[in-house]
Amino acid sequence: MKLGLDFDGVLFNTKLLKKKLEERYDCFMESYHENKKESVYNSIYDFRGQCKDMNVDSKEFLETVKDLSKDCLYDDVDKLNDIGLEKVIITRGKRDFQKAKIEGSGILDYVDDYRIVDGNYSKNFEDIDILIDDTLNELYGFKGKKIHFDREEADLELLIDTLESFKYITTV
Ligand SMILES: [Mg+2]
């Protein structure tokens, strides 16, 4: 049994990273909203457009993102060790941007692998049995078992209880 885990908003506090980027780059939030608005049509935010607006080198920006991602994991991620299933991060976004966050965050100590969906494809990977995501739209497109995970109401302890109650996992 393989568990698919969304990254942003599930394992990684994306709001915190945005806050840190805002502290680092004066014009970050303003240009972020501008670029997000434009990306509605292709749905994926592209940091390169924003770097251009901010007059920041995109390589340097990625390095900063990687560096700032260090302290952005939710503090219960070590609970992932209690889940005796293969764990794969399934995240949507621009490949190198997601990679910088994932690698910089240190989450790779807790999961087996990660996959980045860079485009409008679904997260429906045949070998993933259960998908955990905070975005309902991602779950609609997934054909296996799915759990909506909202950080406002839940933490990884509750997720583990849920996985147990469905008999997806057993812990001692
Ligand atoms: Mg998410």
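Rules behind the numbers
Residues numbered from 1 in each chain as written. Predicted model: local features only at pLDDT ≥ 70, side-chain atom pairs only at ≥ 80, totals over all residues. Pairing = 2+ DSSP bridges. Helix = DSSP H or I, 4+ residues; strand = E, 2+ residues; numbered from the N terminus. Axes fitted to C-alpha atoms, helices over the stretch in contact; angles between N-to-C directions. Contact = placed C-beta atoms within 7 Å. Buried ≥ 20, exposed ≤ 12 C-beta atoms within 10 Å, placed from the backbone.

1. Notes on the sheet that holds strand β4 (residues 130-133)
Point 1. Overall, parallel pairing links the 5 strands, which are arranged β3-β2-β1-β4-β5 in an open sheet. Bordering the open sheet on either side are β3 (113-117) and β5 (145-148), each of which pairs with just one other strand. This sheet shows a mean twist of 20° between the axes of neighbouring strands, independent of strand direction.
Point 2. Bridging between strand β2 (residues 86-92) and β3 involves 5 bridges; their strand directions are parallel. When the sheet's bridge partners are listed, isoleucine 90 is paired in β3 with arginine 115.
Point 3. Along the sheet, helix α5 (residues 95-105) contacts β2 and β3; its crossing angle with β3, the most-contacted strand, is approximately 150°.

2. Focus on the pairing of strand β1 (residues 2-5)
Point 1. Here 4 bridges tie β1 to β2, and the two strands are oriented parallel to one another. Within the sheet, the bridge partner assigned to glycine 4 lies in β2 and is valine 88.
Point 2. For β1 and β4, the ladder comprises 3 bridges, and the chain directions are parallel. The residue of β4 that forms the bridge with leucine 3 is isoleucine 130.

3. Re the environment of phenylalanine 142
Point 1. Take phenylalanine 142: it is sitting in the loop between α6 (136-140) and β5.
Point 2. Exposure remark for phenylalanine 142: the 18 C-beta atoms within 10 Å place this residue in the partly exposed category.
Point 3. Between the alpha carbons of phenylalanine 142 and aspartate 129 there is a distance of 9.7 Å; along the sequence they are 13 residues apart.
Point 4. The residues contacting phenylalanine 142, other than those within four sequence positions of it, are Ser122, Lys123, Asn124 and Leu131.

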